[in-house]
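# An overview of the molecular structure
For reference, the chains in residue letters:
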Amino acid sequence: MIKTYGIVAYPASHSLSPEMHNAAFKALKIGAKYRVFDVKPENFGDLIKDLHKNKIEGLNVSMPYKEEVIQYLDGIDPTAKKIGAVNCIYKKGKKYYGANYDWKGIVEPLKKITKLKGKKVLLLGAGGAAKAACFGLKKEGANVFILNRTFATAKELARKYGFKATETADSMPDIVINCTSVGFENPEESPINPEVFKDAGVVLDIIYGHETKFVSDAKAAGVKFIITGEEVLLHQGYATFKKWTGSKAPREIMKKSIRNF
Ligand code: ATR
């Protein structure tokens, strides 16, 4: 029987995860299909409570459900618990558990380029993606400054990991990471003034699907290494695929399946 996996989000239509996972299932001849569950908030609880009845083997969870989903699961991994969010549901026996691989999506591409220990990182945002980034950056020993539109949330997140919250971008960071949603709907908007890129050698944006102003500003400033959201999505996807299938993710196939990459 064909196994069903998928993504639940609202809206979910922009997701490239179906292309990525379906290409991987096909390449490894795994009898599985990855579907899109574009689910409105009033129907979310019903979908998750009925995972078993709906014969769903695993799900990626995206905006705005990464925190809400926790209450419906049979358990969550320690990492997801620490981050406070789940982006991957997997099945063990008849039970469903939550994991979080978003932090890998952010930290693994960075580690391919640079050591993170002691590096000055300016992290923009304090929402779900930023929480996952903090977990990974702490693990690697980076020196993180969090800048967010709502300062109180930045302070709370910084306190949790022993980082600093900042109200200005004048710290001359080595690495700048965008974990806000600015640039997602309007590519012409950036969360930060381009001057911040002056001393930065590495920039990462979590947004994918189009080139954001954040990324084009970084290019124009001559930043040497730029990681876009496609690569973040892929690295999160490699970990998800391994968890679901037990097989090593076919990385090149998954890469090729992503448009614009
Ligand atoms: P995600 O799970 O993708 O991180 P989220 O939890 O809703 O989504 O977080 C979105 C982040 O983008 C937050 O840091 C948010 O700032 P606030 O905490 O002040 O809400 C930030 N963000 C969203 N729209 C923004 C805007 N127009 N300008 C600046 N920051 C914005």
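Residue positions are given per chain, counted from 1 along the sequence in the order it is written. Note on the predicted model: pLDDT of at least 70 is required for a residue's local features to be given, and 80 or more for side-chain atom pairs to be given and counted; whole-chain, interface and lining totals, by contrast, use all residues. Hydrogens and water molecules were not included; the side-chain quantities draw on all heavy atoms of the structure.

On to the pattern of salt bridges. Side-chain pairs of opposite charge can arise where the charged atoms are in close proximity. Every case where a carboxyl oxygen of Asp or Glu lies within 4 Å of a side-chain nitrogen of Lys or Arg is listed as a salt bridge. Applying the stated criterion across every chain, the model contains nine salt bridges. As a salt-bridge pair, K53 and D50 come within 3.7 Å of each other at their nearest N and O atoms. Between buried and exposed lies partly exposed: a residue is buried under 20% and exposed over 50% of the maximum accessible area for its type, with that area taken using a 1.4 Å probe on protein chains only. Its relative accessible area of 27% is what places D50 among the partly exposed residues. The shortest N-O distance in the salt bridge between E140 and K111 comes to 3.3 Å. You can see E140 sitting in the loop between α5 (128-139) and β8 (143-147) and its partner K111 sitting in helix α4 (residues 102-113), a full 29 residues away along the chain. Owing to a relative accessible area of 22%, E140 belongs among the partly exposed residues under this scheme. Strands here mean DSSP runs of E at least two residues long; helices mean DSSP runs of H or I at least four residues long; both are numbered from the N terminus.

For the rest of this paragraph, the subject is the sheet that holds strand β2 (residues 32-38). Two strands qualify as a pair provided DSSP detects at least 2 bridges between them. In spatial order, the strands read β2-β1-β3-β5-β6-β4; together these six strands make up an open sheet with mixed pairing. Each end of this open sheet is capped by a strand with a single partner; those strands are β2 and β4 (75-76). Pairing between strand β1 (residues 3-9) and β2: seven bridges, direction parallel. The partner of I7 across the bridge, within β2, is V36. Its contacts with the sheet place helix α1 (residues 17-27) against β1, β2 and β3 (56-61), and it is angled at close to 170° to β2. In this analysis, two residues are considered to be in contact whenever any of their non-hydrogen atoms come within 4.5 Å of each other. Angular values range over 0 to 180 degrees, each being the angle between N-to-C directions of two axes fitted as lines to C-alpha atoms, with helices fitted over their stretch in contact.

The subject of this paragraph is the pairing of strand β11 (residues 202-205). Residues V202 and L204 line one face of β11 and the alternating positions V203 and D205 line the opposite face, and both faces are buried. With four bridges joining them, strand β10 (residues 175-178) and β11 adopt parallel strand pairing. Residue pairing across strands places I177 opposite L204, the latter belonging to β11. Sheet topology note: the β11/strand β12 (residues 225-227) ladder contains three bridges and is parallel. Along β12, the bridge assignment pairs L204 with I227. Following the backbone out of β11, through helix α7 (residues 213-220) and into the adjacent parallel β12, one traces a crossover that is right-handed. Think of it like this: strands point away, you trace from the first strand over the helix to the second, and a clockwise trace means the crossover is right-handed.

Remark: the centre distance and the inter-plane angle together describe each pair of aromatic rings, the angle taken between the planes. For this analysis, a ring pair means two rings from Phe, Tyr or Trp (six-membered ring only for Trp) whose centres lie within 6.5 Å, classed as stacked if their planes differ by under 30 degrees, edge-to-face if by over 60, and tilted for the remaining angles. One pass over the full model with this rule turns up 10 aromatic pairs. Geometrically, the ring pair formed by F25 and F241 is tilted, given 5.7 Å between the ring centres and 40° between the ring planes. With a gap of 216 residues between them, F25 in helix α1 and F241 in helix α8 (residues 229-245) connect regions that are remote in the sequence. In this structure, F25 and F241 share a single accessibility class: buried.

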